[in-house]
Amino acid sequence: MKNLSSYQHENRCYKITSENIYKDDSSLSSGHIVFDSNGIQTIDDDKSTHNIELNIGDRLLLPGIIDLHGDSWERTMMPRPNIYFDPKKSLLSLDKELACSGVTTAYLAQGYSWEGRTRSPEAAENFLNLFGEYKHLMQTDVRVQIRLETELKNSAEKICQLISDHNIDYLAFNNHIPMAKRYRDKSPLDFANWAEKRGITVEELSNIVDAYLDNDNKETSINTAKVAEFLRKEGLTIGSHDDKTIDTRQYYRSLGADVCEFPVVKEVAADAKNNNETIIMGAPNVARGRSHSNNIAAEELIRENLCDVLVSDYYLPALIQAVEVITKKEIMPFCEAWNLISLNPAEALGFFDRGVIKIGNRADLVIVNPETFEVEATISNGSFTYLRDSIIACFQ
């Protein structure tokens, strides 16, 4: 076998042969692809040139995972309430976590919220500054999604400036004040857990909720409309989060939000589908078989063709686990299940250079064991970002 250091040469060009490649938008088939840092060069072309070759046998060679909404990164930065670690090292650690989960494009969901601490407007601005400083050190294509709490008054000008300054291309509106009030009134334990996660006392959280319950709805609606108008003019993706009623979905639709994240009930998902909107659900919901917040089960929506995209939400490994569950339960064929975390999210965000293995696309790939559904290697933009011994043995 060649010295592995040779595989890191700047002119490396790989050829991977497999019995199971998910090429274009079809089914699994045998063949080979050649790629480098400039993208996928050839598919099943025997005349192609390369300098590094590996045959992975019957392992699955698939498009890299695109995760449109993840907030597990918050625990990387703050593993316990008010316990912070070095942001640079935390982001680099997150990069490794993404790679070993098969993720090649990831959106970190950053709150811009009344909740305070890591989701406060000040924390959001600080994080975006840090992220901009260290992003170039990450091998995964990592981006930021802003989750804007609509009850924040007078936030339009500031949030629009942040979006411009940091090239944010995806924002989701949400309003968690009603949920917070419901937890406080009917589920004190959940309310206490919420306060603990944010690093504040129950009394502090309760006071915050009371203050926002007195908000002028007209004023907050004007603020939200201003942000939405800016996003539309810039051609950015707009979503809404945790829509509980069709009226809520219709309201955000009127603002240009054509992504429906985590609809709480089936009727909302059906309304989104009838309007050709992207429906996003959490992969942990599928992997666990139910919602952690007792909302609609994602599996039910998938069975009724009311879910287009699965995201990691609070647990990265759930992305692969959800595909395994869907496939083994025969809810849909494997390739259609994989589309939920590759092709479909790419189309939802307007990525035309990833999500599918075809010539000219970025070389964002993942190698998966077909029996265990374990990720054995991840390739981001032509470079191996995760590599297990089982794949090292395949180099020729």
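Structure's up top.
Within each chain, residue numbers correspond to sequence positions counted from 1 in written order. Reporting in this predicted model follows two pLDDT cut-offs: at least 70 for local features of residues, and 80 or more for side-chain atom pairs to be given and counted; totals over whole chains, interfaces and linings ignore these cut-offs and use all residues. Calculation of side-chain values draws on the structure's entire complement of heavy atoms; hydrogens and water are dropped beforehand.

Peer 1: Tell me about the overall build of the protein, and please be specific about residues and values.
Peer 2: The helix and strand tally for the protein stands at 16 helices and 16 strands. In this setup the radius of gyration rests on C-alpha atoms only. A globule is expected at 2.2 Å times the number of residues raised to 0.38. On C-alpha atoms alone, the protein measures out to a radius of gyration of 22 Å, which is about the 21 Å that the 2.2 N^0.38 rule sets for 396 residues. A principal-axis box enclosing the C-alpha atoms of the protein has dimensions of 70 × 45 × 40 Å. With a 1.4 Å probe rolled over the protein chains alone, any residue whose accessible area is under 20% of its type maximum counts as buried; one over 50% counts as exposed, and the rest are partly exposed. The 396 residues of the protein split such that 56% are buried. When checking whether two residues touch, look at their non-hydrogen atoms; a contact exists if any pair is within 4.5 Å. Here the contacts in the protein between residues at least 6 apart in sequence split such that 66% fall between residues at least 24 apart. Accessible surface area values rest on a Shrake-Rupley calculation with a 1.4 Å probe, where residue burial reflects the displayed protein chains alone. For the protein, the computed accessible surface area is about 17,400 Å², with 46% contributed by carbon and sulfur atoms. The helix count covers DSSP runs of H or I at least four residues long, the strand count covers runs of E at least two residues long, and both are numbered beginning at the N terminus.

Peer 1: So what's going on with the pattern of salt bridges? Residues and values would help.
Peer 2: If charged atoms from side chains of opposite charge come close, those side chains can pair. We define a salt bridge as a side-chain nitrogen of Lys or Arg found within 4 Å of a carboxyl oxygen belonging to Asp or Glu. In the structure shown here, the tally under the stated rule is 27 salt bridges. Across the pair R147 and D71 runs a salt bridge whose closest N-O atoms are separated by 3.6 Å. Highlighted residues: R147 in strand β8 (residues 141-149) and D71 in the loop between β6 (65-70) and α1 (73-77), separated in sequence by 76 residues. Taken as a pair, R147 and D71 share a single burial class, namely buried.

Peer 1: Go over the packing of helix α5 (residues 177-186) against helix α6 (residues 188-198) with me, naming the residues and quoting the values.
Peer 2: To get an axis, fit a line to the C-alpha atoms, keeping to the stretch in contact for a helix; angles then go from 0 to 180 degrees between the N-to-C directions. For the pair α5 and α6, interaxial distance at closest approach is 6 Å and the crossing angle is 125 degrees. As summarised for this structure, α5 and α6 are arranged oblique, according to the angle between their axes. Contacts between α5 and α6 involve M179, A180, Y183, R184 and K186 from the former and P188, D190, F191 and W194 from the latter. In this classification, Asp, Glu, Lys and Arg are treated as charged, Ala, Val, Leu, Ile, Met, Phe, Trp, Tyr, Cys and Pro as nonpolar, and every other residue, Gly included, as polar. Residue classes in the contact of α5 with α6 are distributed as six nonpolar, no polar and three charged. Geometric relationships in this document are graded by angle, where less than 35 degrees denotes roughly parallel, more than 145 denotes roughly antiparallel, 65 to 115 denotes roughly perpendicular, and other angles denote oblique.

Peer 1: Requested: an account of the sheet that holds strand β9 (residues 170-174), with residues and values cited.
Peer 2: Strands are labelled as partners when DSSP assigns at least two bridges between them. Spatially, the eight strands line up as an open sheet ordered β6-β7-β8-β9-β10-β11-β12-β13, and their pairing is parallel. Only two strands of the sheet have a single neighbouring strand rather than two, namely β6 and β13 (309-311). Mean inter-strand twist for the sheet, computed between neighbouring axes without regard to direction, equals 25 degrees. Of the strand pairs in this sheet, β9 and strand β10 (residues 237-241) are connected by four bridges, and their pairing is parallel. In the sheet register, A172 faces β10, and the bridge partner there is G239.

Peer 1: How would you explain the packing of α5 against helix α7 (residues 202-213) if you had to name every residue and give the values?
Peer 2: Relative to each other, α5 and α7 sit at 130 degrees, their axes nearing to 10 Å. Accordingly, the angle class assigned to the pair α5 and α7 is oblique. Crossing of α5 against α7: the hand is left-handed. Where α5 abuts α7, its residues I177, A180, K181 and R184 lie against S206, V209, D210, Y212 and L213. Its residues assigned to classes, the contact of α5 with α7 shows five nonpolar, one polar and three charged. Crossing handedness is defined as follows: a turn of the near helix away from the far one that is anticlockwise and smaller than a right angle gives a left-handed crossing, while the clockwise case is right-handed.

Peer 1: Can you explain the nonpolar core? Please cite residues and give values.
Peer 2: Here, nonpolar core means buried Ala, Val, Leu, Ile, Met, Phe, Trp, Tyr and Cys residues that are tied together by side-chain atoms lying within 4.5 Å of each other. Within the largest apolar cluster, 86 residues are counted, with the highest numbers of intra-cluster contacts made by I159, L310 and W338. By residue number, the principal contributor to this core is helix α13 (residues 318-328), which donates seven residues. Sequence-distant contacts of W338, defined by excluding residues within four places in its chain, comprise Y22, L62, P63, I65, I320, V323, V366 and V368. Counting residues in hydrophobic clusters, the runner-up holds 21 residues, among them I40, I379, F384 and I391.

Peer 1: I'd like to hear about unusual backbone geometry, residue by residue, with values.
Peer 2: Positive phi, close to 55 degrees, is recorded for N276, a residue that is not glycine. Summarising the element assignment, N276 is placed in the loop between α10 (266-274) and β12 (278-282).

Peer 1: Requested: an account of the environment of F395, with residues and values cited.
Peer 2: Residue position: F395 is located in the segment after α16 (389-392). A relative accessible area of 6% places F395 in the buried class. Separated by 342 residues in sequence, F395 and E53 place their C-alpha atoms 5.9 Å apart.

Peer 1: Residue-level account of the side chain of N361, with values.
Peer 2: Along the polypeptide, N361 turns up in the loop between α15 (343-348) and β14 (365-368). N361 gets classed as buried once you look at its relative accessible area, which sits at 3%. Nitrogen and oxygen atoms within 3.5 Å of one another constitute a polar contact, given that in protein one can donate a hydrogen and the other can accept it, and given that sequence-neighbouring residues count only through two side-chain atoms. Side-chain polar atoms of N361 contact the backbone oxygen of V356, separated by 2.9 Å. Apart from the residues within four sequence positions on either side, N361 is in contact with G39, I40, F352, D353, R354 and V356.

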